[in-house]
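# Examination of the molecular architecture
Each chain, letter by letter, is given below.
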Amino acid sequence: MVNIGAIDYAMYAGGLPSVFRALELNEIYKTQDYEKFVHRLYKDIDAIIFQFQANPQKRNGDSEDRLTEEFVTNLNTLGYSASHDTSSGGHVDITVKLGLSDLSWIGEAKKDKEFREGFMQLCDRYKPASGNFNHNHAGMLLYFSGGADIITLKDRWEEKVKEFSEYEGIRTSACNLKGCTAFFSAHKHSVSGIDFNVRHMHVALHFDPTDRSGRATKARRKRKTAIAKTSKAPS
């Protein structure tokens, strides 16, 4: 029997992306390369965003917590140690680590409102999950269930971020990962004194069909959501 390594197997199988990805994560774990960890994480988060956007009718009426919990579940499936609503200098929506290493990332999620409040919480109250201020990347997940198109909504939010005078030297820049609508902001962190880098990630959950069948589906989902909220209400 011939023994072959994981890379050889991946090539033999036609370059399975999952195998290469696992090898990449393992190498990041061994080298503790924080920048490569963040870059890999953002590619994986984008893949989850694309899944969400492929079927917006299934998630349009979901709550912010429900959407974030699904995000966290997907990240755990991809091999990260991710948790929802944990404490990191305050209650942070998402904490992501790579195994037992110190590599960590935190994120805040908001749906259709309170984006500014979420950004302020992320920047002012939360500390790196590892306690290492050189782990200076974080993220905002912005769920949009309607309104203008996602590019317009992204541009509007970026303009608002540029006007946040509370944060010294705040500026924004484009994200060049393929297919994403994200952008970055950076400013001097009030505690560490070094740049705090936030990736703003936009999730389009628009579902407003105009055909008869689509309208009926939307109406059914609205009724289900209303019933679910009523059943959870205190008696």
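Just so it is clear, the structure is predicted and the values come from calculations on it, not from any experiment. (Residues numbered from 1 in each chain as written. Predicted model: local features only at pLDDT ≥ 70, side-chain atom pairs only at ≥ 80, totals over all residues. Heavy atoms only, no water.)

A separate point is the pattern of salt bridges. Any two side chains of opposite charge can pair, given that their charged atoms come close. One pass over the full model with this rule turns up 14 salt bridges. In this structure, Lys30 and Glu27 form a salt bridge, with 3.6 Å as the shortest nitrogen-oxygen distance. Note that Lys30 and Glu27 are positioned in helix α2 (residues 17–31) at a spacing of 3 residues, about one turn of the helix. Since its relative accessible area comes to 57%, Lys30 is described here as exposed. Look at Glu27 and you get partly exposed, because its relative accessible area is 41%. We note a salt bridge from Lys110 to Glu114, for which the minimum N-O separation is 3.8 Å. (Salt bridge = Lys/Arg side-chain N within 4 Å of Asp/Glu carboxyl O. Helix = DSSP H or I, 4+ residues; strand = E, 2+ residues; numbered from the N terminus. Buried < 20%, exposed > 50% of the residue type's maximum accessible area, 1.4 Å probe, protein only.)

Right, let's talk about the nonpolar core for a bit. Phe37, Ile45, Leu75, Trp105 and Leu141 are the most contacted members of the largest nonpolar core, which totals 32 residues. If you list the elements that add at least two residues to this core, you get α2, α3 (34–54), α4 (64–77), β2 (91–97), β3 (104–111), β4 (137–144) and β7 (195–204). In terms of residues, this core owes the most to one element, α3, which gives 9 residues. With near-sequence residues (within four places) excluded, Ile45 lies in contact with Phe71, Leu75, Trp105 and Met201. With 20 residues, the next largest nonpolar core counts Ile106, Leu122, Leu153 and Phe164 among its residues. (Core = buried A, V, L, I, M, F, W, Y, C linked by side-chain atoms within 4.5 Å. Contact = heavy atoms within 4.5 Å.)

With that settled, consider the state of the cysteines. The tally for this structure, following the rule as stated, stands at 0 disulfides. Summary of cysteine pairing: Cys175 is not part of a disulfide, and the nearest cysteine sulfur, belonging to Cys180, is at 3.7 Å. With a relative accessible area of 12%, Cys175 lands in the buried category. Note on Cys180: relative accessible area 17%, which makes it buried. (Disulfide = S-S within 2.5 Å.)

Turning to the packing of α3 against α4, a few remarks are in order. Two quantities define a packed helix pair, namely the angle between the axes and the distance from one axis to the other. Between α3 and α4, the shortest axis-to-axis distance is 11 Å and the interhelical angle comes to 130°. By the angle between their axes, α3 is oblique relative to α4. Considering only the axes of α3 and α4, their crossing is right-handed. Along its contact with α3, which presents Leu41, Ile45, Ile48, Ile49, Gln51 and Phe52, the element α4 presents Leu67, Glu70, Phe71, Asn74 and Leu75. Tallied by class, residues from the contact of α3 with α4 come to 8 nonpolar, 2 polar and 1 charged. (Axes fitted to C-alpha atoms, helices over the stretch in contact; angles between N-to-C directions. Parallel < 35°, antiparallel > 145°, perpendicular 65-115°, else oblique. Left-handed = near helix turned anticlockwise from the far one by under 90°. Nonpolar A, V, L, I, M, F, W, Y, C, P; charged D, E, K, R; others polar.)

What follows deals with helix α6 (residues 150–162). Helix length check: α6 (13 residues) gives 18 Å between terminal C-alpha atoms against 18 Å at 1.5 Å per residue, within 8%. All of the buried residues along α6 are Ile150, Leu153, Lys154, Trp157, Glu158 and Val161. All buried residues of α6 fall inside an arc of 135° around its axis, so they share one side. The backbone nitrogen of Ile151 lies 3.2 Å from a side-chain oxygen of the residue at the head of α6, namely Asp149. (Expected span 1.5 Å × (residues − 1). Arc of directions from axis to C-beta. Polar contact = N/O pair within 3.5 Å; in protein donor to acceptor, adjacent residues only side chain to side chain.)

Read these as spatial facts, not as claims about activity.
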